[in-house]
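Residue-level structure breakdown
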Amino acid sequence: MEQLDYLWDYQKLDLLMDELENRKKSSPARKDLYKSIQYLKKQQNDLEKLNNNVDKRYHNYKRIFHEFQNIKDSLKKEEGILSTEEIKSAKQLEHLEKRIAEIYEKFSERKRELTALVNEMDSLNQNLRALNTRVRKGKKEYDINKREYDLVTKEIGQEYSKIKARRDVIEARLKSSLLKRYEAVKGNHSVVMAEIDQNRCGGCNMALASLVVQKVKDKNGVIECENCGRILYSGAEAQTE
Ligand SMILES: [Zn+2]
């Protein structure tokens, strides 16, 4: 057998391997697995956002708590004045009452803020519980899809190894320069070798010069199609001649 005949057989197995790769890539199990990964990622993002919101609320809570302390302190101070110092005039009393009223106003304001905050915290907690349920569901789905995909890859992987072993036997017979050329064309065309069909390139259908056709039939070196660059081959025909 000539080098190109070996390469032809090599290509047959190479294409089978491509097909297996594609089958793996386009398998429903892979799509399902991808979907469940996306779903989990979304839940993770939501959880991050929720945590940020909780942090903000906590920060607010600390601020209001601090303000409560201040209000309590100023109230104590005003009460101290009321009990220890003599109120000398109606004006002074009025002034003191006004200050205490202001403090109470601040106090009610903080109370309103705190009530709103507690409500927000409640709804955040509800969201958190719903999110936890979604994460659990997502993880369960991921596990199922991962097992399914592992089965598919294992099955395809076994078939792939068998074909590769056969391809390796042929590869050992090929000159490395020819293999390199094959790989180079493979970068542009998934099917590297084109059979000649009625003096045309079987890859791109370009009409070939009769000299080229003859050279290919004679297996006189490696000849690429001028138009598409595929390695031209004249297989069964030449072998039966
Ligand atoms: Zn061509």
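Presented here is an overview of the structure given in this document. This one's a predicted model, so the numbers in the text were calculated from it and none came from an experiment. (Residues numbered from 1 in each chain as written. Predicted model: local features only at pLDDT ≥ 70, side-chain atom pairs only at ≥ 80, totals over all residues. Heavy atoms only, no water.)

In this section: the nonpolar core. Core analysis: the biggest nonpolar cluster contains 24 residues, and Leu-4, Leu-7, Tyr-10, Leu-174, Val-192, Met-193 and Ile-231 have the highest contact counts within it. Where this core is concerned, the elements lending two or more residues are helix 1 (3–25), helix 2 (28–84), helix 3 (90–171), helix 4 (176–186) and strand 3 (231–233). Looking at which element gives the most residues to this core, the answer is helix 1, with eight residues. Built from parts of two domains, this core gets at least three residues from each of domain 1 (12–171) and domain 2 (176–240). Residue contacts for Tyr-10: discarding those within four places in its chain leaves Arg-167, Ile-170, Glu-171, Leu-174, Leu-179, Tyr-182 and Glu-183. (Core = buried A, V, L, I, M, F, W, Y, C linked by side-chain atoms within 4.5 Å. Buried < 20%, exposed > 50% of the residue type's maximum accessible area, 1.4 Å probe, protein only. Helix = DSSP H or I, 4+ residues; strand = E, 2+ residues; numbered from the N terminus. Domains from an automatic or database assignment. Contact = heavy atoms within 4.5 Å.)

All right, on to the coordination of the zinc ion then. Donor atoms from the polypeptide that bind the zinc ion are Cys-201 (SG), Cys-204 (SG), Cys-225 (SG) and Cys-228 (SG), placed at 2.2 to 2.4 Å. Written as a sequence motif, the donor residues of the zinc ion are C-x2-C-x20-C-x2-C. In this structure Cys-228 comes out as buried when scored by relative accessible area, which is 16%. (Donors = N, O, S within 2.8 Å, 3.2 Å for Na, K, Ca; no water.)

The grouping of Tyr-58, Tyr-61 and Phe-65 at the surface amounts to a nonpolar patch, some 340 Å² of accessible area in total. With respect to the helices and strands, the residue Tyr-61 is situated in helix 2. (Patch = residues over 30% accessible without salt bridge, like charges linked within 9 Å, V, L, I, M, F, W, Y side chains within 5 Å. Areas by Shrake-Rupley, 256 points an atom, 1.4 Å probe, with all protein chains shown as cover. Salt bridge = Lys/Arg side-chain N within 4 Å of Asp/Glu carboxyl O.)

Looking now at the packing of helix 1 against helix 3. Viewed as axis vectors pointing N to C, helix 1 and helix 3 meet at an angle of 170 degrees, and their least axial separation amounts to 9 Å. If you check the angle between helix 1 and helix 3, you find them roughly antiparallel. The residues of helix 3 that touch helix 1, namely those facing Tyr-6, Asp-9, Tyr-10, Leu-13, Asp-14, Leu-16, Met-17, Leu-20, Glu-21, Arg-23 and Lys-24, are Tyr-149, Thr-153, Ile-156, Glu-159, Tyr-160, Ile-163, Lys-164, Arg-166, Arg-167, Ile-170 and Glu-171. Tallied by class, residues from the contact of helix 1 with helix 3 come to eleven nonpolar, one polar and ten charged. (Axes fitted to C-alpha atoms, helices over the stretch in contact; angles between N-to-C directions. Parallel < 35°, antiparallel > 145°, perpendicular 65-115°, else oblique. Nonpolar A, V, L, I, M, F, W, Y, C, P; charged D, E, K, R; others polar.)

Even without a glycine there, the phi angle at Gln-198 is positive, about 50 degrees. Looking at where Gln-198 falls in the secondary structure, it is placed in the loop between strand 1 (193–197) and strand 2 (200–201). If you check the backbone angles, Asn-199 has positive phi at about 60 degrees while not being a glycine. Relative to the helices and strands, Asn-199 resides in the loop between strand 1 and strand 2.

Turning to the packing of aromatic side chains, a few remarks are in order. Counted by the stated rule, this structure contains five aromatic pairs. Relative to Tyr-233, the ring of Trp-8 lies with its centre 4.6 Å away and its plane at 20 degrees, an arrangement referred to as stacked. Residue Trp-8 is found in helix 1, and its partner Tyr-233 is found in strand 3; the two are separated by 225 residues along the sequence. As far as burial versus exposure is concerned, Trp-8 and Tyr-233 are alike and both buried. Pairing Tyr-61 with Phe-65 gives two aromatic rings, centres 6.4 Å apart and planes at 20 degrees, and the pair type is stacked. Linking Tyr-61 with Phe-65, this pair stays in helix 2, spanning four residues, or about one helical turn. With relative accessibility at 47%, the residue Phe-65 sits in the partly exposed group. A network of ring pairs unites the aromatic residues Tyr-58, Tyr-61 and Phe-65 as a single cluster. (Phe/Tyr/Trp six-rings, centres within 6.5 Å; stacked < 30°, edge-to-face > 60°.)

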